[in-house]
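For reference, the chains in residue letters:
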Amino acid sequence: MLAPLLFVWPISIAVTHYFAYSVASFPYDQALREQVNTVARQVQFVNGRPRVVFPGPARALLRADEIDSVYFHVLDPDGRLLAGDRELPPPRELAVPLNEEAGEVYFRDAEADGRDLRVAYLHLAEASAPREKWLRVEVGETMDKRSQLANKIIASVILPQFVIIPLAVILVWFGLSQGLRPLTRLRERIESRAEGDLSPISARRVPEELQPLTDAFNAMIARLQHNMDVQRRFVADAAHQMRTPLTGLKMQAQLAMRERDPDDLRHALQQIASGVDRASHLVDQLLALARAEASENALQTLVPLDPDGLLRDVVGDWVARAMSRHIDLGYEAANDEVLILGNALLLRELINNLIDNALRYTPEGGCVTCRIVAQGDFAVLEVEDSGIGLTEEDAVRVFDRFYRVDGTGVEGSGLGLAIVREIAELHRAAASLRPNAPRPGPAAPAPGAIARVVFPTWRVDPPAAAWPAPSAPQSPAEGGPPLA
């Protein structure tokens, strides 16, 4: 605060100096006005010719100033001196400006003997005389009195500042040190905490000004605590899930070591290979989930893309696996061209998990159909299967991590739909899995399920650059269409 104060102080002195001279000039200009009017009253016109009658007492009164030198003169239209002092320099232009009137007092600045002068003047003329016949009456004085008065005004303003400003600096320093003391105490309390202490900061004895800061800090600690709890729970669940396939692999390896029959040994090795595949799939899904969460925290860039073309490409990658299980994997083209803001790599992961989930829970001879449906301002990705279906109770929990529907007999990690939800929220989309409508006929297969991911469409007239991902997902309750 001292630096701007020292910067403003010279400016304040300059402004004070300007206004001091303006204030000091005003009363002396009024005195000059009276003096030039007094001299003008001594000029008379006799038979059209001017005559100056200036008695001695009047001249002595005009010279009575003890500080400044006062000069006067009366000039004819040609600039010849009719009366007065030759020391007072005439104006450069003798012609009467059009904006000046006879009898009105005007002011100009001049110089005599190296000293500045303030000159008051007026024009005199007989009635109806043209401008070319006007006389000029001038009274000028030096500016010593004005300078003295202006200096007194400046001193009366500036000198107290030499006391006030240091006092203000001391008071500001004291006030800031006292005002920042609660921040110092808050910093000391935070620094004295243990590394793992994430408890809220006590609001007792916190000044009113620091209450919003304390509340914001406590809210940040609560979010950090929540994230750490989620991370610890995720690590614990992942460790538990990894322990099962690793234990199976160890048992199969021990059995293979004891086998002597080639057929039994080949069977044990096949079981080991299958366990490795399951463990590898679990690790891939854990990495995909971590990548989706990292993308959400980093607000990964989203760009306009065609979800229908992306879906068609991904479905083509799953055709061979569907055929190996005798499942009819179908793709239906979109009913209208739509664009969404998305990350192609993450959306591929989302679609892969939806198709993988549908194929796992669809028995041989079933069918899985993938499509993009345009619905107003939304694009709906649907993956419909004719599998074993699920209940409404299970539909609420299937997106939780490591949750699996009981009694299905299908192997899995319970992470596929959790990954779908994470990626959907990153794209401001809403994901759901609901039982499909039952099909008529006595030999109809199980109704299966239908997974939907509702994306907001991208419709902007100007050419689109890369858009940052929104910070918060939009749920159906916030304006999206119904999910089922």
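Rules behind the numbers
Residues numbered from 1 in each chain as written. Predicted model: local features only at pLDDT ≥ 70, side-chain atom pairs only at ≥ 80, totals over all residues. Heavy atoms only, no water. Salt bridge = Lys/Arg side-chain N within 4 Å of Asp/Glu carboxyl O. Helix = DSSP H or I, 4+ residues; strand = E, 2+ residues; numbered from the N terminus. Buried < 20%, exposed > 50% of the residue type's maximum accessible area, 1.4 Å probe, protein only. pLDDT = per-residue confidence, 0-100. Contact = heavy atoms within 4.5 Å. 1 Å grid on protein atoms, 1.4 Å probe; cavity = no way out; pocket = protein on both sides within 12 Å on 5 of 7 lines; lining within 4 Å. Points joined across faces, edges and corners; volume = space filled by probe spheres on them. Pairing = 2+ DSSP bridges. Axes fitted to C-alpha atoms, helices over the stretch in contact; angles between N-to-C directions. UniProt positions renumbered as here; feature names shortened; annotations may be inferred. Polar contact = N/O pair within 3.5 Å; in protein donor to acceptor, adjacent residues only side chain to side chain. Patch = residues over 30% accessible without salt bridge, like charges linked within 9 Å, V, L, I, M, F, W, Y side chains within 5 Å. Areas by Shrake-Rupley, 256 points an atom, 1.4 Å probe, with all protein chains shown as cover. Phe/Tyr/Trp six-rings, centres within 6.5 Å; stacked < 30°, edge-to-face > 60°. Lys NZ or Arg CZ within 6 Å of the ring centre and 35° of its normal.

As a further point, take the pattern of salt bridges. Counted according to the given criterion, the structure contains 23 salt bridges. Taking the shortest distance from any N to any O, the salt bridge between Glu-138 and Arg-108 comes out at 2.9 Å. Placement of Glu-138 in strand 7 (residues 135-142) and of Arg-108 in strand 5 (residues 106-112) is noted, with a sequence separation of 30 residues between them. You'll find Glu-138 and Arg-108 in the same group, each marked buried. Because the salt bridges share partners, they merge into one network encompassing Asp-29, Asp-68, Asp-109, Arg-118, Glu-141, Lys-145 and Arg-146.

Moving on, we come to the confidence of the model for the protein chain. Summing up the model confidence of the protein chain, the mean pLDDT is 80 and the portion of residues at 70 or higher is 82%. Scored below 50 in pLDDT, residues 462-484 makes 45 contacts in the model with residues more than four places away or belonging to other chains.

Looking now at empty space enclosed by the protein. Which parts of space are left empty comes out when a probe the size of a water molecule is rolled across the atoms. For the coordinates displayed, the defined rule picks out four cavities of 30 Å³ or more. What the second largest cavity holds in volume is close to 60 Å³. Around the second largest cavity sit Pro-307, Leu-310, Leu-311, Ile-340, Leu-347, Leu-350, Ile-351, Ile-372, Leu-381 and Phe-455, which together line it.

Let us now look at the sheet that holds strand 7. By definition, the strands of a sheet pair up through backbone hydrogen bonds, in either a parallel or an antiparallel sense. Strand order in the open sheet made by the five strands is 4-3-7-6-5, with antiparallel pairing throughout. Both edges of this open sheet fall to strand 4 (81-84) and strand 5, since each of them pairs with a single strand only. Strand-to-strand, the axes of this sheet are offset by a mean angle of 25 degrees, without reference to chain direction. Both strand 3 (residues 70-75) and strand 4 contribute to a ladder of three bridges, which runs antiparallel. In the strand pairing of strand 4, Val-74 is matched with Ala-83. Of the strands in this sheet, strand 3, strand 5, strand 6 (115-124) and strand 7 are in contact with helix 1 (residues 2-40), which crosses strand 7 at around 140 degrees.

A separate point is the UniProt feature "transmembrane region" (unreviewed entry) in the protein chain. UniProt records the feature "transmembrane region" (unreviewed entry) for residues 6-24 and 153-176 in the present numbering. Secondary structure content for residues 6-24 is 100% helix and 0% strand, and the end C-alpha separation is 27 Å. Counting secondary structure, residues 153-176 comes out at 100% helix and 0% strand; the distance between its end C-alpha atoms is 34 Å.

Looking now at the sheet that holds strand 11 (residues 367-375). The five strands lie next to each other as 9-11-12-14-13, forming an open sheet whose pairing is mixed. Since the sheet does not close on itself, it has two edges, and those belong to strand 9 (328-332) and strand 13 (430-435), each with one partner. Across the sheet, the mean angle separating the axes of adjacent strands is 15 degrees when strand polarity is ignored. Note that strand 9 and strand 11 share five bridges and pair parallel. Within strand 11, the position partnered with Tyr-331 by the bridge is Cys-370. The strands that helix 7 (residues 307-324) touches are strand 9, strand 11 and strand 12 (378-385); relative to strand 9, the one it contacts most, it runs at about 170 degrees. Of the strands in this sheet, strand 11, strand 12, strand 13 and strand 14 (449-456) touch helix 8 (residues 344-360), which is tilted by about 30 degrees from strand 12.

Attention now moves to unusual backbone geometry. A negative phi angle is the norm for most residues apart from glycine, just as the trans form is the norm for most peptide bonds. With a phi angle near 55 degrees, Asp-113 is a residue other than glycine that sits in the positive phi range. Mapped onto the secondary structure, Asp-113 falls in the loop between strand 5 and strand 6. On the basis of relative accessible area, Asp-113 is assigned to the exposed category, the value being 67%. In this model, His-326 sits at a positive phi of 55 degrees, which is unusual for a non-glycine residue. Mapped onto the secondary structure, His-326 falls in the loop between helix 7 and strand 9. Of the residues examined, His-326 reaches a relative accessible area of 54% and is grouped as exposed.

Before going further, it helps to spend a moment on the side chain of Arg-136. Summarising the element assignment, Arg-136 is placed in strand 7. We classify Arg-136 as buried; its relative accessible area is 7%. Separated by 2.6 Å, the side chains of Arg-136 and Glu-138 make a polar contact. For Arg-136, the contacting residues outside a window of four places in its chain are His-73, Val-74, Leu-75, Pro-91, Arg-108, Tyr-121, Leu-122 and His-123.

Where nonpolar side chains cluster on the molecular surface, the patch consists of Met-1, Val-172, Leu-176, Leu-180, Leu-183 and Leu-213 and spans about 530 Å² of accessible area. Checked against the element boundaries, Met-1 lands in the segment before helix 1. A relative accessible area of 66% places Met-1 in the exposed class.

A few words on the packing of aromatic side chains. Each aromatic ring pair is summarised here by two numbers: the centre-to-centre distance and the angle between the ring planes. Tallied over the entire structure, the rule returns two aromatic pairs. Measuring from ring centre to ring centre gives 5.3 Å for Tyr-18 and Phe-19, while their planes differ by 80 degrees; the resulting arrangement is edge-to-face. Each ring, one from Tyr-106 and one from Tyr-121, has its centre 5.9 Å from the other, and the planes form 35 degrees; the classification is tilted. Of the two residues, Tyr-106 sits in strand 5 while Tyr-121 sits in strand 6, which places them 15 residues apart along the sequence. The class of Tyr-121 is buried, set by a relative accessible area of 7%. The ring of Tyr-121 carries Arg-136 above its face, with NZ or CZ at 4.0 Å from the centroid.

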